[in-house]
Amino acid sequence: MTIRSIRFDPKPAVEAAAATTVHEWYQDRTGAFSAGFWASHPSEIAVSYEEDEFCVLIEGTVELTDASGHTETFEAGASFLIPSGFTGTWKSVTAVRKFYVVHLPKAPADQTSAPPA
């Protein structure tokens, strides 16, 4: 096993024209598990999660609104999980920086088998 040290740059360079910055630090061989750093200028995007994502917010304020209109607000210091199947909006109210861990669940067995001939 190889263990890598991860060095965090507290103020990564962000291009003015880019809305987000992503530094993926790790991804397993299957592509189902990854971890990294994400930063965003204030923005709002529609999201539809196929993966489970655990977030640790280190700067800023985020509003997550689900498809039914329910909104949760998270501020720097908060940790939260966005489950697979969540649809709605992610709003970076202010500039946001977070650490994330993502897991893409396996498809149910009936979805991975070949269709009948």
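Residues numbered from 1 in each chain as written. Predicted model: local features only at pLDDT ≥ 70, side-chain atom pairs only at ≥ 80, totals over all residues. Heavy atoms only, no water.

Taken in spatial order, the 5 strands line up as β1-β2-β9-β4-β7 in an open sheet, and their pairing is antiparallel. Of all the strands in the sheet, the pair left with one neighbour each is β1 (20-27) and β7 (79-82). Strand-to-strand, the axes of this sheet are offset by a mean angle of 20 degrees, without reference to chain direction. Pairing analysis gives 8 bridges linking strand β2 (residues 33-40) to strand β9 (residues 96-103), with the strands arranged antiparallel. Note that in β9 the partner of F33 across the bridge is H103. (Pairing = 2+ DSSP bridges. Helix = DSSP H or I, 4+ residues; strand = E, 2+ residues; numbered from the N terminus. Axes fitted to C-alpha atoms, helices over the stretch in contact; angles between N-to-C directions.)

Our next topic: the nonpolar core. Soluble, globular proteins show a tendency: their nonpolar side chains are buried together. The biggest cluster of nonpolar side chains holds 16 residues, and the ones touching the most others in it are L64, F80, I82 and W90. Where this core is concerned, the elements lending two or more residues are β4 (52-59), β5 (61-66), β7 and β9. Top element by residues in this core is β9. It accounts for 3 residues. Each residue touching L64, except ones within four places of it in the same chain, is listed here: H70, T71, E72, F74, F80, I82, F86, T89 and W90. (Core = buried A, V, L, I, M, F, W, Y, C linked by side-chain atoms within 4.5 Å. Buried < 20%, exposed > 50% of the residue type's maximum accessible area, 1.4 Å probe, protein only. Contact = heavy atoms within 4.5 Å.)

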